[in-house]
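# Coordinate analysis (summary)
Chain by chain, the residues run as shown.
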Amino acid sequence: MATLDLFSSEPATPDPTPEYVQLQALRAQLHYHAHQYYVLDMPTVPDAEYDRLFRELQALEAAHPEWVTPDSPTQRVGGKPLDAFATVRHVVPMLSIRTETDTESTGAEAFDARVRKELELTETDALVEYVAELKFDGLAMSLRYEQGVLVQAATRGDGEYGEDVTQNIRTIGQIPLKLPEGVPAVLEVRGEVYMRRDDFEAMNEKQREKGEKTFVNPRNAAAGAVRQLDPGIAAQRPLSFFAYGLGEVTPAEQGGPAFATHYAMLQTLKSWGFPVAAQVDTAQGAPELIAYHQRIGAARDQLPYDIDGVVYKVNSLALQRQLGFVTREPRWAVAHKYPAQEQITKVLGIDVQVGRTGKLTPVARLDPVFVGGTTVSNATLHNLFELRRKRARVGDNVIVRRAGDVIPEVVGVVAATRPTYVPNFRMPRTCPICSSAVVREKTEMNHRCSGGLFCPAQRKQAILHYAQRRAVEVEGLGEKLVEQLVDTQVIRTLPDLYKLGLTALAALDRMAEKSAQNIVDALEKSKQTTLPRFLFGLGIRHVGEATAKELVRHFGTLDAIMDASEEALTGVSDVGPIVAKSLHTFFAQAHNREVVEQLRACGVTWVEGEAAAQAPKPLAGKTFVLTGTFPTLSRDQAKDLLEAAGAKVAGSVSKKTNYVVAGAEAGSKLDKAQELGVPVLDEEAMLALLQAQPE
Ligand code: D41
């Protein structure tokens, strides 16, 4: 009987040297991790570890080309093409990019030194001019235009053969389907498809609410969307795109463009309608590259998308040609990475935190780990169902992700590292803070403490919510202070805030008299507020800022809102049965009415009803959507101005939207506006509109 030949795809049967054994082991590991990541969306190692294994395999194969087989993970970067996607051959191969992992300036210096040596420049020669770009953490894509029309979009694949994902890419609003007159007859634009962090968070939040599977990180979500077989589903995934290079282009002698520099090429792509990162800049020699690396590194958290580094490229295309490439990596470009936003660490325990609305959140206590630029020792597991799906238990090694100012989270468990049997985590039956019963409604994913404002945890959060800037703003009343005040029982209820005297405050640990006075002043100042702020500040479940404003617009006075029936409440635009029930239940409880009365008795006031309604409302009845970063106003300020003029500010663009106001880094909302033909304003135009008199 014939034995099964597991290595039948080998060209020859090599000696099982230690190196060959290592190569097979690497392939097996990479296949396993890739399947976990791409197919199951349950990663078992951080991306950086996968890359390390991949590079080790690449190095082994480079040393032994005779061992390379078509099924090696190196031959199909990013996983096997699905049967349903056609294969595309890249006429101009999509090269990869050499990575410098040094965190110090040496990355830029080593690159500059190599370039200068290759170009035979001496110390007396001028500095080399570079272009510095962001390195997006997404998915490389080649867009092919013929006669200015998008005819094909292909993934990078192994650099030579990719997948035809045109149908899915067409759904990305930022990608032009048709280019202006005068573009080259053949034009391949290369860039990165990615997902913005806010789009990613919103998408995952929706998945969590539905109790459905969440995505690990924006890159994985973007990759999943691009390779989604149903373009209808792909269209619902909010993707974005940035251009960074060219593939095949009509040559200059046949009427194509003749760019002198990479920078000029990028500017031209921008003028043709492709998104190019605003941060792209030229840099003279290594010192300016280092400065760029530091500058972007410091701003990384504030960017609306993930980057894993910056890219340096020689600016002159003539010098690029002179430098050429080795194997598949150009000598004229290098990626300089930042510290990873994902790391492995151990779960030391699982605690439960209680939020403002009583939501119980399981939080992993971690062996502290440096990730995304800070030391993380706690990471959220969101809710019991997410925790179960991720199979996280005490003692496990987990992957922790921290990107931007998003709360760190556990994204997955590293397979089979748990030392011994560990019982499954259970939600406590009683609140860990106040011992009230823990409840969960059948349709809800979240467990809640039923203690309400009796629960100190909820009380703390409720006070912080009330005192935040968008609510009744009590400047200087932060987390530490509220904690102290509630823990020492100086404050039991919200109205107690206004009974705080200088003496009580100054008596607190680490409280200087000056700071105590500041708090007293801030409290005094907060008494003059507006009804929407006050109503929002009460922290009624499901009543956000927008709903509070609508309620006030509809009813005029707090008493009218407090006494409204559920039915009357549903008459307000924005208020559905869930919100109406929540409001009605809140005001039906005597202790909540008591809180409101006491706050009023303490001197908290606002201008009610008519007076507020008499101000001119030039934009009444108009709906606006804001997107991106404005040059002078914050988003909140713009929103306040518009609402003061009677406009409604909505979260998403529809046919009913009258205007979209777009700033820098505007996202998918801008695309949607263009798609629907909704007028788009910049900040200046919006301000002009606000000045204008109503017709
Ligand atoms: O933002 C990126 N991820 C990025 C990727 C970038 N800004 N520039 C890139 N430039 C290149 C070369 C130099 C080869 C044109 C790249 C990539 N390549 C790249 N992305 C994936 C593989 C290669």
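See the structure above.
Let me begin by describing the structure that accompanies this report. (Residues numbered from 1 in each chain as written. Predicted model: local features only at pLDDT ≥ 70, side-chain atom pairs only at ≥ 80, totals over all residues. Heavy atoms only, no water.)

## Observations concerning helix α20 (residues 577-588)
- Between its first and last C-alpha atoms α20 spans 16 Å; for 12 residues at 1.5 Å apiece the expected length is 16 Å, and the two agree.
- Among the residues making up α20, those that are buried are Val579, Ala580, Ser582, Leu583, Phe586 and Phe587. Projected down its long axis, α20 shows its buried positions confined to an angular sector of 165°, all on one face. Opposite the packed face of α20, turned more than 90 degrees from it, sit the exposed residues Pro577, Ile578, Lys581 and Ala588.
- Buried residues in α20 make contact with α16 (531-537), α17 (545-555), α18 (558-563), α19 (566-570) and α21 (590-601). (Helix = DSSP H or I, 4+ residues; strand = E, 2+ residues; numbered from the N terminus. Expected span 1.5 Å × (residues − 1). Buried < 20%, exposed > 50% of the residue type's maximum accessible area, 1.4 Å probe, protein only. Arc of directions from axis to C-beta. Contact = heavy atoms within 4.5 Å.)

## Structural notes on the sheet that holds strand β22 (residues 648-650)
- The 4 strands are arranged β22-β21-β23-β24 in an open sheet whose pairing can be described as parallel. The outermost strands of the open sheet, each flanked by one partner alone, are β22 and β24 (680-681).
- In this structure, strand β21 (residues 623-627) lies alongside β22, joined through 3 bridges in parallel fashion. When the sheet's bridge partners are listed, Phe624 is paired in β22 with Val649.
- Relative to β21, helix α24 (residues 668-676) is tilted by about 135°, and along the sheet it contacts β21, β23 (659-662) and β24. (Pairing = 2+ DSSP bridges. Axes fitted to C-alpha atoms, helices over the stretch in contact; angles between N-to-C directions.)

## Focus on the packing of aromatic side chains
- Counted according to the given criterion, the structure contains 16 aromatic pairs.
- Here the aromatic rings of Tyr194 and Phe242 are separated by 5.4 Å at their centres, their planes lie at 0°, and the arrangement is stacked. Of this pair, Tyr194 sits in strand β7 (residues 186-194) while Phe242 sits in strand β8 (residues 240-249), and the two are 48 residues apart along the sequence.
- A residue is classified by how much of its surface remains accessible, and Phe242, at 6% relative accessible area, is buried.
- Ring centres of Tyr466 and Phe534 lie 6.4 Å apart, and the angle between their planes is 85°; this geometry places the pair in the edge-to-face category. Taken as a pair, Tyr466 in helix α12 (residues 456-467) and Phe534 in helix α16 lie far apart in primary sequence, 68 residues in all. The same class applies to Tyr466 and to Phe534, which are both buried.
- Every member of this aromatic cluster is reached through a ring pair, and the members are Phe136, Tyr194, Phe242 and Tyr305. (Phe/Tyr/Trp six-rings, centres within 6.5 Å; stacked < 30°, edge-to-face > 60°.)

## Describing the environment of Asp301
- Inspection of the secondary structure puts Asp301 in the loop between α9 (285-299) and β10 (307-314).
- In this structure the C-alpha to C-alpha distance between Asp301 and Arg426, which are 125 residues apart in sequence, comes to 34 Å.
- When residues no more than four places from it in sequence are discounted, the contact partners of Asp301 are Arg197, Gly372, Arg402, Gly404 and Asp405.

## Topic: the environment of Gly358
- For Gly358, the position within the fold is in the loop between β14 (342-354) and β15 (359-371).
- For the pair Gly358 and Cys449, spaced 91 residues apart in the sequence, the C-alpha separation amounts to 4.8 Å.
- Those residues in contact with Gly358 that lie beyond four places of it in its chain are His447, Arg448, Cys449 and Gln458.

## Quick word on the sheet that holds strand β13 (residues 333-337)
- Taken together, 5 strands build an open sheet; the order of strands is β2-β13-β10-β3-β9 and the sheet is mixed. What marks the edges here is a single partner per strand, and that holds for β2 (99-100) and β9 (281-284).
- Bridge count between β2 and β13: 2 bridges; the pairing is parallel. Bridging from a neighbouring strand, Glu100 pairs with His336 of β13.
- Contacting β2, β3 (129-136), β10 and β13, helix α3 (residues 106-118) runs over the sheet at an angle of about 170° to β13.

## With respect to the site of the ligand
- For the ligand, the set of nearby residues contains 16 residues, the closest of which are Glu133, Leu134, Phe136, Tyr244 and Lys313.
- In this structure, a nitrogen atom belonging to the ligand sits 3.2 Å away from a main-chain N or O atom of Leu134.
- Within the backbone of Phe136, a nitrogen or oxygen atom sits 2.9 Å from an oxygen atom of the ligand.
- Burial of the ligand by the protein amounts to 87% of the accessible area it has alone, namely 490 Å².
- Elements with a contribution of two residues or more to the shell around the ligand: β3 and β10.
- When residues of the shell around the ligand are assigned to their parent elements, the largest contribution, 4 residues, is made by β3.
- Its residues assigned to classes, the shell around the ligand shows 10 nonpolar, 1 polar and 5 charged. (Near = heavy atom within 4 Å. Polar contact = N/O pair within 3.5 Å; in protein donor to acceptor, adjacent residues only side chain to side chain. Areas by Shrake-Rupley, 256 points an atom, 1.4 Å probe, with all protein chains shown as cover. Nonpolar A, V, L, I, M, F, W, Y, C, P; charged D, E, K, R; others polar.)

## Digging into the state of the cysteines
- Summed over the entire model, instances satisfying the criterion amount to 0 disulfides.
- Free of any disulfide, Cys431 has its nearest neighbouring cysteine sulfur in Cys449, separated by 3.7 Å.
- Assessed through its relative accessible area of 5%, Cys449 is described here as buried. (Disulfide = S-S within 2.5 Å.)

## Some thoughts on the pattern of salt bridges
- In total, this model carries 43 salt bridges according to the counting rule given.
- Between Glu444 and Arg448 there is a salt bridge, and its shortest N-O distance comes to 3.5 Å. Like Glu444, the residue Arg448 is buried in the burial classification.
- Arg553 is paired through a salt bridge with Glu550; the nearest N and O atoms lie 3.4 Å apart. Here the residue Arg553 and the residue Glu550 both occupy positions in helix α17, the gap between them amounting to 3 residues, near one helical turn.
- Among the residues examined, Arg553 registers a relative accessible area of 45% and is labelled partly exposed.
- Of the residues examined, Glu550 reaches a relative accessible area of 9% and is grouped as buried.
- Overlapping salt bridges, with partners in common, bring together Arg144, Glu146, Glu188, Arg190 and Glu248 in one network. (Salt bridge = Lys/Arg side-chain N within 4 Å of Asp/Glu carboxyl O.)

Remember, this is a structural readout, not a statement about activity or role.
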